[in-house]
Every structure is written in structure tokens, then in C-alpha cells.
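# Remarks on the overall topology
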Amino acid sequence: MEQLLEILEEVNPDVDFENTTTLIDDGILDSFAILEIVGEINEEFDVEINAPDIIPENFNSAEAIWNLIQRLQA
């Protein structure tokens with residue numbers, strides 16, 4: 001999870017990713033940020049996030065993103 005938080009903070013250092021649960025709903029992450037995050041996650045965690053996985057439920061919080069990574073690694 002620490003690696004994920006580092007990735008997220010690189011993309012947007014002004015956000016409290018540990019406590020925010022509305023990253024998509026509140027427009028904190030835009031489509032460009034999500035694509036950057038997806039690329040970093042794919043490389044860092046050796047997973048492949050595909051288009052069907054890129055839905056608000058999977059990216060609204062760091063915990064949701066972490067759960068997606070865990071599912072993809074299983």
C-alpha cells in the first residue's frame with residue numbers, strides 16, 4: 001500500500017489519499033491522472049489494468065485502488 005500511496009502522491013501531492021474516498025466523485029482525479037496512475041501501477045505491481053477495470057468504484061479511494069491491485073495479482 002505504501003508504494004501505491006507514493007504513486008498517488010507523485011500524481012497529485014496536494015491530496016490526502018489515505019483519507020479521501022471521493023477521488024472520482026469530487027473530480028480530484030481526472031482522466032489524465034487516472035491514466036498516469038494506471039501506467040505506474042501496471043509497471044510497479046506487474047499487473048494489467050484493462051479498460052473494464054477503469055470505473056469510478058475502483059478509483060474513488062486509495063483503498064479501492066489497492067483492492068483492485070490485490071484482485072489482479074491473485
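Structure: above.
Quantities reported herein were computed from a predicted structural model and do not represent experimental measurements.

### Overview of unusual backbone geometry
Positive phi, normally seen in glycine, also occurs at aspartate 46, with a value near 55°. Positionally, aspartate 46 belongs in the loop between helix H2 (31–45) and helix H3 (56–59). Using a relative accessible area of 70% as the deciding quantity, one classes aspartate 46 as exposed.

### Remarks on helix H4 (residues 62–73)
Over its 12 residues, H4 runs 16 Å from end to end, which matches the ideal 16 Å to within 8%, given 1.5 Å per residue. Buried within H4 are the following residues: Ala62, Ala64, Ile65, Leu68 and Ile69. End-on, the buried residues of H4 take up no more than an arc of 165°, which puts them together on one face.

### A few points about H2
Since the α-helix packs 3.6 residues into each turn, any two residues three or four apart lie on the same face. Here H2 contains 15 residues, and its C-alpha end-to-end distance of 21 Å stays within 8% of the 21 Å for a straight helix at 1.5 Å per residue. Residues of H2 that are buried include every one of Ala33, Ile34, Ile37, Val38, Ile41 and Phe45, and no others. Seen end-on, H2 carries its buried residues on one side only, within an arc spanning 135°. In H2, the exposed positions that point more than 90 degrees away from the buried face belong to Phe32, Leu35 and Glu43.

### Structural notes on the packing of helix H1 (residues 2–11) against H4
Relative placement of two packed helices is described by the angle separating their axes and the distance separating the axes. It is at 10 Å that the axes of H1 and H4 come closest, and there the two elements cross at 125°. By the criterion of interaxial angle, the relationship of H1 to H4 is oblique. Crossing of H1 over H4 shows right-handed handedness. Residues Leu4, Leu5 and Leu8 of H1 pack against Ala62, Ile65, Trp66 and Ile69 of H4. Its residues assigned to classes, the contact of H1 with H4 comprises 7 nonpolar, no polar and no charged.

Rules behind the numbers
- Residues numbered from 1 in each chain as written.
- Predicted model: local features only at pLDDT ≥ 70, side-chain atom pairs only at ≥ 80, totals over all residues.
- Heavy atoms only, no water.
- Helix = DSSP H or I, 4+ residues; strand = E, 2+ residues; numbered from the N terminus.
- Buried < 20%, exposed > 50% of the residue type's maximum accessible area, 1.4 Å probe, protein only.
- Expected span 1.5 Å × (residues − 1).
- Arc of directions from axis to C-beta.
- Axes fitted to C-alpha atoms, helices over the stretch in contact; angles between N-to-C directions.
- Parallel < 35°, antiparallel > 145°, perpendicular 65-115°, else oblique.
- Left-handed = near helix turned anticlockwise from the far one by under 90°.
- Contact = heavy atoms within 4.5 Å.
- Nonpolar A, V, L, I, M, F, W, Y, C, P; charged D, E, K, R; others polar.

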